[in-house]
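Chains, contacts and geometry: an overview
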Amino acid sequence: MSKKWYVIHTYSGYENKVKTDLEMRVETFGLENSIFKIEIPMETVTEIKDDGHRVTSEKKVFPGYVLVRMELDDRSWGVVRNTPGVTGFVGSEGNPAALSREEYNKIMGRSNSNAPKRISTDLEVGQSVKVISGPLSDFDGVISEVNPDTGKIKVMVSIFGRETPVELAFDQVARL
C-alpha cells in the first residue's frame, strides 16, 4: 500500500476542528503508520479597505475541504470517515480518489510562502474614486479595469480636459 493524498469534505467552517479531531483519533486508534499528515491549504490574502489601508490575513484555499495523506484501508477509511464534521471523501461512486502529485503540488503551491499573494478588494469597474497618493493625488476618476492578481486598477482621470488611463495600486485610491 502506498501513501497518497486524499481530499475529505467537511462542514464549512469546521476544517480546523476536523484536523484537530482527526489528529487525536489517529493517536487514539494507533494509526500513526496509516494516516501521516493532515493539511488545510491556506493562502495569504491582502484586502484593501474603503479607507485605503491594507489588511493581510490567511484564508482557506478550499473552504470545506481538508487534505489527508494516508494509506487507504478499511480501518483508516473508517476513522477518517467517522470523524465528527467529515461528510465524506472526494471521489466518484463512493470511492475515494487520490490526488496526483501534480494536483497536490498545485493546491499546496497556492498555500506556500513563495506563492504570489492575492489581493482582495471591493473596488469595481465603473466606480468613482479619488486618488489619495502619488503624483495624481486629489484627482477624481472612474475605474475602467480591476486586476486583483497584481493589485492594480486602471482609472480614467481627466487631465487637462482629456480622459487619460492611469494605472494605480489599490491603496492609492479611495471610494467617493
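Residues numbered from 1 in each chain as written. Predicted model: local features only at pLDDT ≥ 70, side-chain atom pairs only at ≥ 80, totals over all residues. Heavy atoms only, no water.

**Let's talk about the overall build of the protein**
As a reminder of what qualifies: Every helix listed is a DSSP run of H or I at least four residues long, and every strand listed is a run of E at least two residues long, numbered separately from the N terminus. Only the C-alpha atoms count toward the radius of gyration. The rule for a globule is 2.2 Å times the residue count to the power 0.38. Any two residues having at least one pair of non-hydrogen atoms within 4.5 Å are treated as being in contact. Charge counting treats Lys and Arg as positive and Asp and Glu as negative, with His and both chain ends excluded. Charge positions are represented by NZ for Lys, CZ for Arg, CG for Asp and CD for Glu.
For the protein, the helix and strand inventory stands at three helices and 14 strands. The C-alpha atoms of the protein give a radius of gyration of 23 Å, which is well past the 16 Å a tight globule of 176 residues would have. Across its three principal axes, the protein shows a C-alpha extent of roughly 75 × 30 × 25 Å. In the protein, the proportion of contacts linking residues at least 24 apart, taken out of those at least 6 apart, comes to 59%. For the protein, the distance from the average position of its 23 positive side-chain charges to the average position of its 26 negative side-chain charges is 3 Å.

**Quick notes on the packing of aromatic side chains**
The criterion, for reference: Stacked, tilted and edge-to-face pairs are distinguished by plane angle, under 30 degrees for stacked and over 60 for edge-to-face with tilted covering the rest, among Phe, Tyr and Trp rings (Trp via its six-membered ring) whose centres lie within 6.5 Å. The classification of residues rests on relative accessible area computed with a 1.4 Å probe and restricted to protein chains. Under 20% of the type maximum is buried, over 50% is exposed, and intermediate values are partly exposed.
For the coordinates displayed, the defined rule picks out three aromatic pairs. Centre to centre, the rings of W5 and Y104 are 4.5 Å apart; their planes meet at 15°, and the pair counts as stacked. Taken together, the residues span a long stretch of sequence, with W5 in strand β1 (residues 4-10) and Y104 in helix α3 (residues 101-109) at a distance of 99 residues. The exposure class of Y104 is buried, given its relative accessible area of 11%. Ring geometry for Y6 against F89: centres 6.2 Å apart, planes inclined by 90°, an arrangement best described as edge-to-face. Here the residue Y6 occupies a position in strand β1, and F89 occupies one in strand β6 (residues 86-89), the gap between them amounting to 83 residues. Residue classification places Y6 among the buried residues on the basis of a relative accessible area of 7%. For F89, a relative accessible area of 16% gives the class buried.

**Looking at the sheet that holds β1**
The following threshold applies: Here the rule is simple: two strands pair whenever DSSP picks up at least two bridges between them. Note on geometry: axes are lines fitted to C-alpha atoms, helical ones only across the stretch in contact, with angles between N-to-C directions running from 0 to 180 degrees.
Read across the open sheet, the four strands follow the order β2-β5-β1-β6; overall the sheet is antiparallel. In this open sheet, the two edge strands, each paired with only one partner strand, are β2 (35-39) and β6. Along the sheet, successive strands turn relative to each other by an average axial angle of 30°, direction set aside. The pairing of β2 with strand β5 (residues 65-70) spans four bridges and is antiparallel. Its bridge partner being in β5, K37 is matched across the sheet by R69. Against the sheet, α3 engages β1, β2 and β5, with an angle of about 135° to β5.

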